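Fold and contact review
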Amino acid sequence: MKTALIGAGLLGVGVVALVTGILPVDEAVALWDRVWPVLLFVLAMTIVTELAAAAGLFDWLAQHASTWAHGRSWLLWLMVVALAVVCTIFLSLDTTAVLLTPVVIVMARHAGISPLPFALTTVWLANTASMLLPVSNLTNLLAVSKLERIVGHPVSPVEFASLTWAPAIAAIVVPVAVIALLHRRSLFTRYVIERPERIADPTLLIASAVAVLILIPGLLSGLPVWIPACAAAVTLLVAFAVSRPAELRIGLVPWPLLLLVAGLFLVLETAHALGLGDALAAVAGTGDDPLSLLQLAGLGAGGANVANNLPAYLALEPSVDSPARMIALLVGVNVGPLITPWASLATLLWHDRLKAMGVEFTWSRYAILGLVVAPLAVVAATAALALR
């Protein structure tokens, strides 16, 4: 409800700016042409992930991971790392934070292991593993259209990954290494293997698995990402309409998130019309040398932790004039928001899941750990970008 109210307020401010002429109509139309595919993708992917979770796909993966690890806690944790990375890369950071977090906590409790390293793994990798593909993070989807204007041709997911793979690997390795170091005692234990529970509806499980497996190559095909996402969403909607229609509810549509994103777009576009981009360009620096890239990445990370990663990206995007600087900005706003609760919407959603499951993880502890990991991850990812 808070998210929806904030989004509605921001949208109202944007409408006032449009009506009063502060935001020119032609700029608002150009903004809509850029934004509607992003909003449609967010809507479709939310439906896909919610219905896949309702079908038991994530539960099935987690239960079988417990068996495949053969009672070794460290191997189970590494499987969670792999699952979190894959979920984030192909299904977005919100999927990992919202849907995977409760699954791995239940899995850890059943195995008699502390859930804290598993919880920390999901939230850190939800953010830091979101560099590789356009679909991994909303900021990446926005970056693609800017990149296309810079390079003068359409940027496919494969081309995008060719720019981001080095910093993406560095951004994953750093938090994984820190978690392994902090929780080495609880992770190097053994647990009793429990028999996986039966899935209530195998038909829906298979349908959701097929939809996701077909979706992934579709997202890499070079088609506008909203097309395969909508196809997968429609497939699952039909499957649930036949087998379990009660699951089809209005809550599947992420109204609060859509309101927030639309409101942020309008407000930031208005701010740019008033000269925000020119003001930030003075402190964002120029050039593609390592220090200039680190300056931009650091500013993006700082802005994300002060405000939020999405407005930080939108505010700093005009300062980008090369592919390297674009990836540096994404390093800052994707990898850097690990300190404050509001730096990433995924982090707030993750903490709500923890509270609902009775897992105690204070914001002060989160901030202290983030003050260590965020600078290390941002510096490592930026260095990997500069070397690349």
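Attention here is on the structure that accompanies the text. Worth saying up front: this structure is predicted, and the values here are computed from it rather than measured.

One number sums up the size of the largest pocket: a volume of about 1200 Å³. In terms of lining, the largest pocket is formed by 48 residues, of which the most central are Thr 3, Asp 94, Leu 257, Leu 345 and Leu 349. When residues of the lining of the largest pocket are traced back to their parent elements, those giving at least two are α1 (2-20), α2 (25-54), α5 (93-110), α7 (138-151), α12 (255-273), α15 (309-316) and α17 (345-356). It is α17 that provides the largest number of residues to the lining of the largest pocket, a total of eight residues. Tallied by class, the residues present in the lining of the largest pocket amount to 29 nonpolar, 12 polar and seven charged. Volume-wise, the second largest pocket comes out at about 420 Å³.

What follows concerns the environment of Phe 41. Along the polypeptide, Phe 41 turns up in helix α2. Overall, Phe 41 belongs to the buried group, its relative accessible area being 3%. For the pair Phe 41 and Trp 60, spaced 19 residues apart in sequence, the C-alpha separation works out to 26 Å. Dropping the residues within four chain positions of it, Phe 41 is found in contact with Val 135, Leu 141, Leu 219, Val 225, Trp 226 and Ala 229.

Let's shift gears to the pattern of salt bridges. Taken as a whole and assessed by the stated rule, the structure comprises three salt bridges. Put simply, Arg 249 and Glu 247 hold a salt bridge, and the shortest N to O gap is 3.8 Å. Classification of Arg 249 as partly exposed rests on a relative accessible area of 44%. With relative accessibility at 24%, the residue Glu 247 sits in the partly exposed group. Residues Asp 321 and Arg 325 are paired through a salt bridge, measuring 3.7 Å at the closest nitrogen-oxygen approach. Assessed through its relative accessible area of 53%, Asp 321 is described here as exposed.

This paragraph deals with unusual backbone geometry. The residue His 70 is not glycine, and still its phi comes out positive at about 55°. Considering the arrangement of structural elements, one finds His 70 in the loop between α3 (57-68) and α4 (73-91). Exposure remark for His 70: the relative accessible area of 48% places this residue in the partly exposed category. Even without a glycine there, the phi angle at Ser 92 is positive, about 90°. Structurally, Ser 92 is set in the loop between α4 and α5.

So, on to the packing of aromatic side chains. Counted according to the given criterion, the structure contains five aromatic pairs. Seen in terms of ring centroids, Trp 363 and Tyr 366 are 5.5 Å apart; in terms of plane orientation they differ by 85°. Their pairing is edge-to-face. Here Tyr 366 and Trp 363 lie together in helix α18 (residues 363-387), a separation of three residues that amounts to about one turn. Stacked on the ring of Phe 361, the Lys or Arg Arg 365 has its end atom at 5.1 Å from the ring centre.

Thresholds applied
Residues numbered from 1 in each chain as written. Predicted model: local features only at pLDDT ≥ 70, side-chain atom pairs only at ≥ 80, totals over all residues. Heavy atoms only, no water. 1 Å grid on protein atoms, 1.4 Å probe; cavity = no way out; pocket = protein on both sides within 12 Å on 5 of 7 lines; lining within 4 Å. Points joined across faces, edges and corners; volume = space filled by probe spheres on them. Helix = DSSP H or I, 4+ residues; strand = E, 2+ residues; numbered from the N terminus. Nonpolar A, V, L, I, M, F, W, Y, C, P; charged D, E, K, R; others polar. Buried < 20%, exposed > 50% of the residue type's maximum accessible area, 1.4 Å probe, protein only. Contact = heavy atoms within 4.5 Å. Salt bridge = Lys/Arg side-chain N within 4 Å of Asp/Glu carboxyl O. Phe/Tyr/Trp six-rings, centres within 6.5 Å; stacked < 30°, edge-to-face > 60°. Lys NZ or Arg CZ within 6 Å of the ring centre and 35° of its normal.

Shape descriptors only; they carry no functional weight alone.
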